[in-house]
Number of protein chains: 2
Amino acid sequence: CILSAYIMNETYSLLFKRLGSSCRLFFSHDPVKIMRARGQYLYDENGMQYLDCISNVQHVGHCHPSITQAAAAQMDLLYSNTRFLHDNIVLYANRLAATLPKKLCVFYFVNSGSEANDLALRLARQYTRHQDVIVLDYAYHGHLTSLIDISPYKFRKLEGQKEWVHVAPLPDTYHGIYREDHLDPGQAYADTVKSLIEEAHKKGRKISSFFAESLPSVGGQIIFPTGYCKRVAESVHEAGGVYVADEIQTGFGRVGSHFWAFQLQGEDFCPDIVTVGKPMGNGHPIACVATTEEIADAFTANGVEYFNTFGGNPVSCAIGLAVLDVIEKEDLRGNAVRVGGHLIQLLLQLQTKHPLVGDVRGVGLFIGMELVKDRVSRKPATEEAAHLVRRLKEERIVISTDGPWDSVIKFKPPMCFSIEDAERVSTCIDQILGGWLTLKNTSSLQHSFPFDEIYI
Amino acid sequence: CILSAYIMNETYSLLFKRLGSSCRLFFSHDPVKIMRARGQYLYDENGMQYLDCISNVQHVGHCHPSITQAAAAQMDLLYSNTRFLHDNIVLYANRLAATLPKKLCVFYFVNSGSEANDLALRLARQYTRHQDVIVLDYAYHGHLTSLIDISPYKFRKLEGQKEWVHVAPLPDTYHGIYREDHLDPGQAYADTVKSLIEEAHKKGRKISSFFAESLPSVGGQIIFPTGYCKRVAESVHEAGGVYVADEIQTGFGRVGSHFWAFQLQGEDFCPDIVTVGKPMGNGHPIACVATTEEIADAFTANGVEYFNTFGGNPVSCAIGLAVLDVIEKEDLRGNAVRVGGHLIQLLLQLQTKHPLVGDVRGVGLFIGMELVKDRVSRKPATEEAAHLVRRLKEERIVISTDGPWDSVIKFKPPMCFSIEDAERVSTCIDQILGGWLTLKNTSSLQHSFPFDEIYI
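As a starting point, this report considers the structure included with it. (Residues numbered from 1 in each chain as written. Chains lettered and ligands numbered in written order. Predicted model: local features only at pLDDT ≥ 70, side-chain atom pairs only at ≥ 80, totals over all residues. Heavy atoms only, no water.)

For the rest of this paragraph, the subject is the overall build of chain A. Of the regular secondary structure elements, chain A holds 14 helices and 15 strands. Contacts in chain A between residues far apart in sequence, at least 24 positions, make up 72% of those at least 6 positions apart. Accessible surface, chain A as shown: approximately 15400 Å² in total, 52% of it carbon and sulfur. (Helix = DSSP H or I, 4+ residues; strand = E, 2+ residues; numbered from the N terminus. Contact = heavy atoms within 4.5 Å. Areas by Shrake-Rupley, 256 points an atom, 1.4 Å probe, with all protein chains shown as cover.)

Here you go:
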């Protein structure tokens, strides 16, 4: 269709003219113009359907009618700020409180995961009166000035590491310093944090917080070893700091068995601050920070208010409530357990057939399949992963890579992803990897992205 | 009504239980529970109507049906992120570009004014490779860690002034160091910025940017003297820095005669970066940064991408486009000129009658009326202003104060504010000030807010 091709080119050139080129498109070599979406399916300008394996923001499925309805109804009534009393914000805070351990009972509503993490940093610093932050290697916590400082994934390419930032090894038992054959990797990795704290103390520095995604995403869909978080929290508390669990990508039932990914670490672990973002509004800009009364009180004690113009407005909260309703009504956590479990089994079968599949890891609908050049060296198969993504796009499956070497095929689909979808994507991967040798010419494996970054 | 009083108390107590008490409510001594709103009117849980003089976020009027319709239609189609091509973002960028001087042609879409100012700071620093920032006294640029550092209104109460921040005097010709009787206050205030730069240079520091609201709001609804911005920009450019115009509260036609408040300073002044927020989405969380190709190119040059999960999504842009349509179709800029002009005339008449009214200033629907103890000392009448706000609430008019001493009654209503609304509020103020002596008992003038802050 010449007209749509024209519109496509027009959009593309305007995009580069008007929007700079700082945001990398999916499939930048041949971008897709999506016109509409429903559930786990995307439709381009020719009506072509794509299966969406990565839109974790559209948590309960793209354009869920009951979310649209709740938003429109509240938009017609009131879209003001939180300087006026309104029921929605307290109803929403109550619903969120019911999903969390009792001590996490105070909520701040903001507009993005980045705003949530920045506020978490302010809360931690004001409560502890310490300045320093420990983060995990390869972590990404947001696009704000303060968060680039605590994101090794970013600051290594920019202004470098600040003196108040300490980087702990990523507890990655596939690539890291302690691996699956270690007797207690949870303890061993937690000890690296303890050592970092001791080193910081020797320099006279004081730890305000340990920041970590409950399942590191940009780091490569990592699952923490057993006991890691609890032991880290003990060391951090001993140093007078707090544990901040970044659940921006992992919260809201994505792991299926629990509402929050940190709960995978057992009932005897509880963070002091939890940040949430992407899935909360199913696309709508809403995010939040949950914390304890003690931390909230310390934040208020100086008499300086925290006000967020849009945060917690009646429409955002109506949308948030509607998302929670859909998760429950459609048993999306149960679906994540069933479909995610099945997908992992299918990918493990692929691992037995294809030497390229080095590791399969995941929980619920948060899954990574890591490609390696060979299984002994575990050398990341970056080009092969990029090529697989491109070939899957030809099969109308939208997926992308993650991890320090872009070698992890990541799955974080809308939570309505079905058994049939899982089988379709696994069959396609099987076929592509099966026909791998015929495809493996260097020109088609060229990695031509303008940015050496991965998708979040 | 006992039931609604119960619900009211319930909401209020839950609010304090679940949301901490960091955000101050309007009328915290007797908060209003607003259930719905339309145009410039708010309705409480008893159906009581209030005239809204301050909701600048609800720019084209609360709950405008065509905004709701545009949002719902797009929510039903696609609410994805900007990793896929979509027409809305480029159409919106084009429409915004048409309102700005040609050189401001690249746009970054974000979720809040704070995110916009943080990005502006990053852009300025990366482009200039300088670190330091000059800001105006009493300024507030947002709630993020980086912005509290450049907001004297906040950092004076918190961690204090950073060595890379330089505070210039607010060009306030009513209270400031150069007043309305000065021959050229624009030049005189611009010279204070020049001196600050010279002092910074002597310490070996380098200026990345001058940040200022185009009409300082928290500073007390200040109108810059003629020639100020152009001369400041000259000094800042000479020092290798850029001029950042914060139009978060003042853009989008609020001043009536122009689309942007910086344009009041004449055609020979153009900022290098403009940030926009509150009015863009009529309540929906959307904001943006406009800048030059050179600055955008410098930001991209290091190959590190800027990605904002929700920023510029198809729904936010559909809402943004609908807001621009309403501004044009309903001639809201023309309305701001007519109604704002009339309101200023009415307030100037009050000034001739009531000694308490020290100054009336404003442009379009951005107006301040400053109360003073007496006109010679110009001592701020803080308690009287607070009392006037409370009395107006009894008359069902929602208004609030601004300025370093909370002595400026501020008007920044939805842009559909009418001549009748202007006359109603001015008549009420006249009557309240007329009956002033009978009301002036100390107990009713007590200032009992938990925070010594002003509303934004």
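Having seen the structure, we can now continue with the description.
Take the sheet that holds strand 3 (residues 49–52) of chain B next. All names here are of chain B. Overall, mixed pairing links the four strands, which are arranged 1-2-3-13 in an open sheet. Across the chains shown, the open sheet's two edge strands, defined by having one partner strand only, are strand 1 (34–38) and strand 13 (397–398). For strand 2 (residues 41–44) and strand 3, the ladder comprises three bridges, and the chain directions are antiparallel. Across the sheet, Tyr43 pairs through a bridge with Gln49, a residue of strand 3. (Pairing = 2+ DSSP bridges.)

Here we come to the pairing of strand 1 of chain B. For a regular strand, side chains alternate in direction, first toward one face of the sheet and then toward the other. Residues and elements named next belong to chain B. Bridge count between strand 1 and strand 2: four bridges; the pairing is antiparallel. Across the sheet, the residue bridging to Arg38 is Tyr41, located in strand 2. The hairpin formed by strand 1 and strand 2 contains two residues between the paired strands, and Gly39 there has a positive phi angle of roughly 55 degrees.

On to the sheet that holds strand 10 (residues 287–291) of chain A, then. Residue and element names in this part refer to chain A. Read from one edge to the other, the open sheet built from seven strands follows the order 4-10-9-8-7-5-6, with strand pairing classed as mixed. Single-partner strands in this sheet number two, and they are strand 4 (106–110) and strand 6 (165–168). Pairwise comparison of adjacent strand axes, ignoring direction, gives a mean angle of 20 degrees for this sheet. Pairing of strand 7 (residues 207–213) with strand 8 (residues 242–246), which is carried by five bridges, proceeds in the parallel orientation. Within strand 8, the residue paired with Ser209 across the bridge is Val242. The sheet contacts of helix 3 (residues 87–97) involve strand 4 and strand 10, and relative to strand 4 the element is tilted by about 120 degrees. (Axes fitted to C-alpha atoms, helices over the stretch in contact; angles between N-to-C directions.)

Attention now goes to the side chain of Asn313 of chain B. Position of Asn313 of chain B relative to the elements: it lies in the loop between helix 9 (293–300) and helix 10 (314–329). On the basis of relative accessibility, which here comes to 1%, the residue Asn313 of chain B falls in the buried class. Ignoring any residue separated from it by four or fewer positions in sequence, one finds Asn313 of chain B in contact with Gly283 and Pro285 of chain A together with Tyr79, Ser80 and Thr82 of chain B. (Buried < 20%, exposed > 50% of the residue type's maximum accessible area, 1.4 Å probe, protein only.)

Our next topic: the nonpolar core. Of all hydrophobic cores here, the largest spans 199 residues; its most connected members are Phe252 of chain A together with Phe252 of chain B. If near-sequence neighbours (up to four positions away) are discounted, Phe252 of chain B is found in contact with His59, Tyr92, Leu96, Phe259, Trp260, Val276, Pro279, Met280, Val323, Leu324, Ile327 and Met415 of chain B. Judged by nonpolar contacts, the second largest core, of 60 residues, contains Phe155 of chain A together with Ala124, Leu144 and Phe299 of chain B. (Core = buried A, V, L, I, M, F, W, Y, C linked by side-chain atoms within 4.5 Å.)

With that out of the way, let us pick up unusual backbone geometry. The phi dihedral of Phe252 of chain A is positive, around 65 degrees, even though this residue is not glycine. Summarising the element assignment, Phe252 of chain A is placed in the loop between strand 8 and strand 9 (273–276). Its relative accessible area of 0% is what places Phe252 of chain A among the buried residues. Even without being glycine, Asp406 of chain B reaches a positive phi, approximately 50 degrees.

Take the pairing of strand 7 (residues 207–213) of chain B next. Residue and element names in this part refer to chain B. With seven of its seven residues buried, strand 7 lies for the most part within the structure. As judged from the four bridges shared by strand 5 (residues 132–136) and strand 7, these two strands associate in the parallel manner. In the sheet register, Ile134 faces strand 7, and the bridge partner there is Phe210. At this point the chain moves from strand 7, through helix 8 (residues 228–238), to the parallel strand 8 (residues 242–246), and the crossover so formed is right-handed. (Right-handed = clockwise from strand over helix to strand, strands pointing away.)

With that settled, the discussion passes to the environment of Asp52 of chain B. Residue and element names in this part refer to chain B. Looking at where Asp52 falls in the secondary structure, it is placed in strand 3. Spatially, the C-alpha atom of Asp52 lies 5.7 Å from that of Tyr41, the residues being eleven residues apart in sequence. If sequence neighbours within four positions are ignored, Asp52 has contacts with Gln40, Leu42, His62, Val398, Pro413, Pro414 and Phe417. At 2.9 Å, the side chain of Asp52 and the backbone nitrogen of Ile54 are in polar contact. A polar side-chain atom of Asp52 sits 2.6 Å from a polar atom in the side chain of Ser55. (Polar contact = N/O pair within 3.5 Å; in protein donor to acceptor, adjacent residues only side chain to side chain.)

Let us look at the pattern of salt bridges. Under the counting rule described, the total for this entry stands at 42 salt bridges over all chains. Measuring nitrogen to oxygen at the nearest pair gives 3.2 Å for the salt bridge that ties Arg391 of chain A to Glu395 of chain A. The residue Arg156 of chain B makes a salt bridge to Asp137 of chain B at a minimum N-O spacing of 2.6 Å. Of this pair, Arg156 of chain B sits in the loop between helix 6 (152–155) and strand 6 (165–168) while Asp137 of chain B sits in the loop between strand 5 and helix 5 (145–148); the two residues are 19 residues apart in sequence, bridging distant segments of the chain. One connected set of salt bridges, linked through shared partners, spans Arg95, Asp325 and Glu328 of chain A. (Salt bridge = Lys/Arg side-chain N within 4 Å of Asp/Glu carboxyl O.)

What sets the pattern is the α-helix's 3.6 residues per turn: residues three or four places apart point alike. Listed as buried for helix 9 of chain B are Ile295, Ala296, Ala298, Phe299 and Thr300 of chain B. If you follow the buried residues of helix 9 of chain B, they end up packed against strand 4 (106–110), helix 4 (113–128), strand 8, strand 9 (273–276) and strand 10 (287–291) of chain B.

Residues and elements named next belong to chain B. It is the contact of helix 7 (residues 185–202) with helix 8, at a shortest axis distance of 8 Å, that shows an interaxial angle of 20 degrees. Taken together, helix 7 and helix 8 sit at an angle that is classed as roughly parallel. Remark: the crossing between helix 7 and helix 8 carries right-handed chirality. Contact residues: Gly186, Gln187, Tyr189, Ala190, Val193, Lys194 and Ile197 in helix 7; Tyr228, Arg231, Val232, Ser235 and Val236 in helix 8. Class assignment of the residues belonging to the contact of helix 7 with helix 8 gives a composition of seven nonpolar, three polar and two charged. (Parallel < 35°, antiparallel > 145°, perpendicular 65-115°, else oblique. Left-handed = near helix turned anticlockwise from the far one by under 90°. Nonpolar A, V, L, I, M, F, W, Y, C, P; charged D, E, K, R; others polar.)

Let us look at the side chain of Ser235 of chain B. All names here are of chain B. Residue placement: Ser235 occurs in helix 8. A residue is classified by how much of its surface remains accessible, and Ser235, at 12% relative accessible area, is buried. When near neighbours in sequence (up to four residues on either side) are disregarded, Ser235 contacts Lys194 and Ile197.

Glancing now at the state of the cysteines. Residues and elements named next belong to chain A. All told, the structure shown has zero disulfides over all chains when counted by the stated rule. The thiol sulfur of Cys53 is not disulfide-bonded, and the nearest other cysteine sulfur, from Cys428, lies at 9.6 Å. Accessibility expressed as a relative area gives 0% for Cys53, which makes it buried. (Disulfide = S-S within 2.5 Å.)

It is worth spelling out the environment of Thr99 of chain B at this point. Residue and element names in this part refer to chain B. Locating Thr99 in the fold gives a position in the loop between helix 3 (87–97) and strand 4. On the basis of relative accessibility, which here comes to 18%, the residue Thr99 falls in the buried class. Taking the C-alpha atoms as reference points, Thr99 and Phe259, separated by 160 residues in sequence, lie 6.6 Å from one another. For Thr99, the contacting residues outside a window of four places in its chain are Phe259, Trp260 and Gln263.

Another point: the packing of helix 2 (residues 65–77) of chain A against helix 10 (residues 314–329) of chain A. A pair of packed helices is characterised by two quantities: the angle between their axes and the separation of those axes. All names here are of chain A. One way to put it is that helix 2 packs onto helix 10 with a least axis distance of 9 Å and a crossing angle of 155 degrees. Compared by their axis directions, helix 2 and helix 10 come out roughly antiparallel. Regarding helix 2 and helix 10, the two cross each other, and that crossing is right-handed. Side by side, helix 2 and helix 10 meet where Ser66, Ile67, Ala70, Ala71, Gln74 and Met75 of the first sit next to Pro314, Val315, Ala318, Ile319, Ala322, Val323 and Val326 of the second. For the contact of helix 2 with helix 10, the class distribution of residues is eleven nonpolar, two polar and no charged.

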